[in-house]
Amino acid sequence: MKRTVLLAALLLTLAALAGCAGGERDLAFEERYTIDADLDPEGRTMTYTQRAEITNTGSDSAEELWFHLYANMYKGLFQTEDGDVWVSSVTDGAGRPLSYERSQEGVLYRVELGEPLAPGGTAVILFECTVTVPDLESKYGMSPDGDLQLPGFNLLLAVYDENGWDTDPLPEEGDGRYAHTADYDVTVRAPEGYTLACNGDEQSVTALDGVTERRYICRDRRDLVLIACKNYVRRERQVGRTRVLGYFDPAVAGVTEAAMDQVMDAAAFALGYFGGLFGAYPHDTLVVTNAALGTNFAQSMEYSGLITVYFDLEADPTARTHITFHEAAHQWFYGAVGNDENEEPWLDEGFADFAGVLCLEAWGSDWPAWEIAANAAGAEQVKDDKVNLPADEHPVYQWGVYDRGCMCLKELMDAVGREEFLAILGGYCRDHWMGVATTADFLAAIEAGTDGDVEDILAEYIQK
Ligand SMILES: [Zn+2]
């Protein structure tokens with residue numbers, strides 16, 4: 001996703017004019033969204049209405065609200081230029097038009113409220129949107145096999161933190177998201193014959209005239225993703241009160257019966273293992289599906305309540321189990337404990353990498369995952385890199401964020417003691433459960449849980 005310097009400069013100017021540079025005001029929000037959508041996979045379109053109910057839980061009034069529409073961040077990756085989510089109308093709850101500005105190629109929207117949103121009040125904003133589905137490239141669109149994956153097709157309130165509204169342009173590295181959790185009530189109609197899933201709990205499936213309507217409730221989700229395919233094979237596992245639902249397209253290379261079972265077993269194991277270490281998985285459903293495009297392992301992805309796993313015909317099957325553990329770990333380090341993926345991506349990627357290796361050990365694998373991470377972390381290009389830098393500032397993103405992040409936690413664990421360190425990590429999760437954490441929060445947890453004998457490790461890895 002290339003962003004021009006010119007565009008960045010323009011956006012900074014706009015942000016300054018809008019007076020959103022500082023975060024001196026006490027603004028906090030609860031978010032509830034209702035989405036009603038009609039999906040036409042063959043026509044490559046989806047139209048939807050989104051009702052956003054935003055309650056001001058801070059002590060200052062808000063005159064404007066900023067929203068992200070993260071699907072549009074994939075534009076630079078589209079094989080064709082025809083992909084877009086277009087917002088055609090923004091109105092208040094009474095249907096009166098609201099002024100809004102679209103920027104960052106449709107990723108960012110500033111909506112002016114008709115009247116200030118006072119503390120305790122709720123603003124209703126209605127968006128009318130049209131999704132034009134591109135050929136799938138990376139993680140968004142329709143694959144040649146007919147797998148449709150639509151992460152982030154919806155509007156999502158930007159985070160207001162100590163720096164003000166998060167309007168930073170997206171970096172070229174990393175996943176680019178930053179969000180609080182929200183509740184979603186999603187209704188989607190699609191032609192008969194398609195199987196759909198989203199990262200929530202399916203409430204109902206209703207046959208209408210040639211169309212099937214599905215409703216999902218997604219509570220405490222940090223994002224929304226919809227997947228659809230004609231060929232899905234469904235798998236199911238039960239882990240405590242959580243249902244692991246697999247939707248796999250056997251037409252995709254590598255998606256064999258044995259591989260599907262392997263991924264389902266791994267996902268179920270990970271939920272139990274991480275639940276014991278970091279707190280019970282927070283949702284009733286975890287959806288697992290195949291990454292729609294088989295080009296490399298980086299096509300695997302985490303969403304809040306849904307993971308995609310890359311199936312590789314060539315790779316050692318242990319790699320697939322490992323990737324499943326990594327993506328499942330993001331349900332804790334991204335989903336339950338959120339972070340700014342632009343500013344401090346190590347808080348989800350480094351932690352998920354570390355947790356994934358722990359899980360692999362508990363699974364009984366002798367895959368040399370620590371050694372692989374240590375080699376990458378010690379590579380000449382990154383050996384002095386600090387893990388907590390923004391996504392764009394690492395010489396080699398993968399090694400600096402994933403591998404050095406993983407090794408930072410491993411060295412802390414070795415120094416503090418395994419049980420003690422995992423207890424600290426469990427406490428960090430509890431303290432920031434369904435919130436947003438920073439490196440400072442992690443350091444505070446370490447400092448409270450140790451007697452100061454890890455300063456050398458912290459100094460090596462973390463820029464204070
Ligand atoms: Zn990851």
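Placed above this text is the structure.
Residues numbered from 1 in each chain as written. Predicted model: local features only at pLDDT ≥ 70, side-chain atom pairs only at ≥ 80, totals over all residues.

Undergrad: Before we go on, may I ask you to explain the overall build of the protein in this structure?
TA: Each helix and strand counted, the protein has nine helices and 24 strands in total. Viewed in the frame of its principal axes, the protein has a C-alpha envelope of about 60 × 55 × 40 Å. Long-range contacts, defined as pairs at least 24 residues apart, comprise 68% of the intrachain contacts of the protein with a sequence gap of at least 6. (Helix = DSSP H or I, 4+ residues; strand = E, 2+ residues; numbered from the N terminus. Contact = placed C-beta atoms within 7 Å.)

Undergrad: Just checking my understanding: could you explain the sheet that holds strand β5 (residues 100-103) for this structure?
TA: Backbone hydrogen bonds hold the strands of a sheet together, and the pairing may be parallel or antiparallel. The four strands lie next to each other as β5-β6-β3-β10, forming an open sheet whose pairing is antiparallel. Edge strands, defined here as strands with exactly one partner in the open sheet, are β5 and β10 (156-157). As defined by bridge partners, strand β3 (residues 62-68) adjoins β10 across two bridges and the pair is classed as antiparallel. By the bridge assignment for β10, H68 is matched with L156. (Pairing = 2+ DSSP bridges.)

Undergrad: Would you mind going over the sheet that holds strand β8 (residues 141-142) with me for this structure?
TA: Here we have four strands laid out as an open sheet, ordered β8-β9-β17-β14, and antiparallel in their pairing. A single partner strand is all that each edge strand has here, and the edge strands are β8 and β14 (195-198). Across two bridges, β8 lies against strand β9 (residues 148-151) in antiparallel orientation. Across the sheet, G141 pairs through a bridge with Q149, a residue of β9.

Undergrad: I keep staring at the environment of D175 and nothing clicks. Help me out?
TA: Here D175 lies in the loop between β12 (164-165) and β13 (182-191). A tally of 23 C-beta atoms within 10 Å means that D175 is categorised as buried. Put simply, D175 and D161 are 14 residues apart on the chain and 19 Å apart in space, counted from C-alpha to C-alpha. (Buried ≥ 20, exposed ≤ 12 C-beta atoms within 10 Å, placed from the backbone.)

Undergrad: Can you help me understand the environment of A158 in this one?
TA: Here A158 shows up in the loop between β10 and β11 (160-161). Sequence separation of A158 and H180 is 22 residues, and the distance between their C-alpha atoms is 8.2 Å. When sequence neighbours within four positions are dropped, the list of residues in contact with A158 reads W66, F67, H68, W165, D166 and T167.

Undergrad: In this structure, what is going on with the nonpolar core? I would like to understand it.
TA: Across soluble globular proteins, you tend to see nonpolar side chains buried next to one another. Counting residues in hydrophobic clusters, the biggest one holds 140 residues, and the most contacted among them are F67, A267 and A329. Split by domain, this core shows at least three residues from each of two domains, domain 1 (1-142 + 154-182) and domain 2 (346-461). Sequence-distant contacts of A329, defined by excluding residues within four places in its chain, comprise A270, F274, A352, A355, G356 and C359. (Core = buried A, V, L, I, M, F, W, Y, C linked by C-beta atoms within 7 Å. Domains from an automatic or database assignment.)

Undergrad: How should the packing of helix α4 (residues 346-363) against helix α5 (residues 369-377) be read in this particular structure?
TA: A pair of packed helices can be characterised by two numbers: the angle between their axes and the separation between those axes. Two elements in contact, α4 and α5, have axes whose closest approach is 10 Å; the angle formed by their N-to-C orientations is 155°. Put simply, α4 runs roughly antiparallel to α5. Of the residues in α5, those in contact with D353, V357 and L360 of α4 are A369, W370 and A373. For the contact of α4 with α5, the class distribution of residues is five nonpolar, no polar and one charged. (Axes fitted to C-alpha atoms, helices over the stretch in contact; angles between N-to-C directions. Parallel < 35°, antiparallel > 145°, perpendicular 65-115°, else oblique. Nonpolar A, V, L, I, M, F, W, Y, C, P; charged D, E, K, R; others polar.)

Coordinates in, geometry out; function isn't part of it.
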